[in-house]
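Okay, here's what each chain looks like letter by letter:
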Amino acid sequence: MEPIVLENSLIKHKLAVIRNKKTGTKEFREIIGEIATLLCYEAMKDAKLSKVKIETPICEMEAEMLDENQYAFVPILRAGTGMLDGLINVIPNAKIGHIGLYRNEETLKPVKYYYKMPKDIQNREVIVLDPMLATGGSAVDAITMLKEDGVKHIKFLSIISAPEGIRKLAEVHPDVQLYTACIDKSLNDVGYIVPGLGDAGDRIFGTK
Ligand code: PRP
Ligand code: URA
């Protein structure tokens, strides 16, 4: 599946701010949340709606509403949690699962350390969150775990994606739609996205 890339001047502006190494933790975290909200709007573009009768101050009408209870958001720890508020702000009744993965610095392979889902996860549409899609190893493993748990409908939201990660995700999980704010040039020899924004987890949580 081809990635859906948000083409928008305001997003380009926001990306320039978070890419800048001089931008501090507070502003970095706020913008990650803002872009996550915009990615969520795009991912919900064709979401299923049900008709409901409501009364406006002027008249009765048949409106359309989402069933918020059919969604679950799953951030990949740590950095994915930086995107979570941006989604909960607009779909507050979604349930939340967590997948803990970190990349081994030498092999760049993801290592699992936590997995906890809502008990009815297999009945929900799942939106996985991680700001960085680099080699794609973390995204692929997280989605594999969800599928092993019976999840059938999965979307993946990232802020910055590398061509290597996009290729790997499409190869292993061709049914998963990727929404991203931009596609960068490449990976460097230690697996960081170029030009990227550095280590997203460290910048969100101020750990370096
Ligand atoms: C980062 C990022 C992704 C992963 C992407 O996490 O948040 O989860 O790397 O790389 P990949 O596509 O090559 O797998 P990291 O392992 O640094 O953990 P952290 O979020 O705890 O900092
Ligand atoms: N993880 C990050 O946080 N940044 C990268 O550039 C690649 C993986």
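Anything mentioned here points back to the structure above.
Note that the coordinates shown come from a computational prediction; the quantities given were computed from them, not determined experimentally.

The sheet contact formed by strand 2 (residues 49–55) and strand 3 (residues 60–66) spans 7 bridges and is antiparallel. Bridge pairing in strand 3 places K53 opposite E62. Where strand 2 hands over to strand 3, the hairpin turn is made up of 4 residues, counted between the paired strands.

A contiguous nonpolar patch, built from L38, Y41 and V90 and spanning about 260 Å² of accessible area, is present on the exposed surface. Checked against the element boundaries, L38 lands in helix 2 (residues 25–43).

Around ligand 1, the structure places 15 residues, and the nearest of them are R103, D130, T135, G136 and S138. Within the backbone of G136, a nitrogen or oxygen atom sits 2.8 Å from an oxygen atom of ligand 1. The side chain of S138 places a nitrogen or oxygen atom 2.6 Å from an oxygen atom of ligand 1. For ligand 1, the accessible surface in isolation is 490 Å², of which the surrounding protein chains cover 90%. Taken atom by atom, the bulk of ligand 1 overlaps the largest pocket. Split into classes, the residues belonging to the shell around ligand 1 amount to 6 nonpolar, 5 polar and 4 charged.

Scanning the model with the defined rule gives 1 aromatic pair in all. When the ring of Y102 is compared with that of Y113, the centres are 6.1 Å apart and the planes differ by 35 degrees; the resulting orientation is tilted. Pair noted here: Y102 is in strand 6 (residues 98–103) and Y113 is in strand 7 (residues 110–116), with a separation of 11 residues, a long-range link. The ring centre of Y192 lies 5.7 Å from the NZ or CZ of R103, which sits over that ring.

Estimated volume of the largest pocket: approximately 730 Å³. Contributing to the lining of the largest pocket are 31 residues, with Y102, R103, Y192, D199 and G201 lying nearest its centre. At the level of secondary structure, the elements contributing two or more residues to the lining of the largest pocket comprise strand 4 (71–77), strand 6, strand 9 (132–133), helix 4 (137–148) and helix 6 (200–205). Of the residues that constitute the lining of the largest pocket, the class distribution is 16 nonpolar, 8 polar and 7 charged. Roughly 220 Å³ of internal volume is contained in the second largest pocket. For the lining of the second largest pocket, the elements supplying multiple residues, two or more each, are helix 2, strand 10 (153–161) and strand 11 (177–183). Ranked by residues supplied to the lining of the second largest pocket, first place goes to strand 10 with 3 residues. A breakdown of the residues in the lining of the second largest pocket according to their chemical character gives 7 nonpolar, 2 polar and 6 charged.

In the vicinity of ligand 2, the residues found are R103, M132, A134, G191, Y192, I193, G198, D199 and A200. The contact in question runs from an oxygen atom of ligand 2 to an N or O atom on the backbone of A200, over 2.8 Å. Against a free-state accessible area of 230 Å², the protein chains account for coverage of 88% of ligand 2. Put simply, ligand 2 lies in the largest pocket. Class assignment of the residues belonging to the shell around ligand 2 gives a composition of 5 nonpolar, 2 polar and 2 charged.

Using the criterion set out here, one finds 1 cavity of 30 Å³ or more in the structure. When its volume is computed, the largest cavity comes out at roughly 50 Å³. Every residue along the wall of the largest cavity is listed here: M1, P3, I166, L169, A170, H173, P174, V176 and L178.

About the cut-offs
- Residues numbered from 1 in each chain as written.
- Chains lettered and ligands numbered in written order.
- Predicted model: local features only at pLDDT ≥ 70, side-chain atom pairs only at ≥ 80, totals over all residues.
- Heavy atoms only, no water.
- Pairing = 2+ DSSP bridges.
- Helix = DSSP H or I, 4+ residues; strand = E, 2+ residues; numbered from the N terminus.
- Patch = residues over 30% accessible without salt bridge, like charges linked within 9 Å, V, L, I, M, F, W, Y side chains within 5 Å.
- Areas by Shrake-Rupley, 256 points an atom, 1.4 Å probe, with all protein chains shown as cover.
- Salt bridge = Lys/Arg side-chain N within 4 Å of Asp/Glu carboxyl O.
- Near = heavy atom within 4 Å.
- Polar contact = N/O pair within 3.5 Å; in protein donor to acceptor, adjacent residues only side chain to side chain.
- 1 Å grid on protein atoms, 1.4 Å probe; cavity = no way out; pocket = protein on both sides within 12 Å on 5 of 7 lines; lining within 4 Å.
- Sits in = over half its atoms within 2 Å of the grid points.
- Nonpolar A, V, L, I, M, F, W, Y, C, P; charged D, E, K, R; others polar.
- Phe/Tyr/Trp six-rings, centres within 6.5 Å; stacked < 30°, edge-to-face > 60°.
- Lys NZ or Arg CZ within 6 Å of the ring centre and 35° of its normal.
- Points joined across faces, edges and corners; volume = space filled by probe spheres on them.

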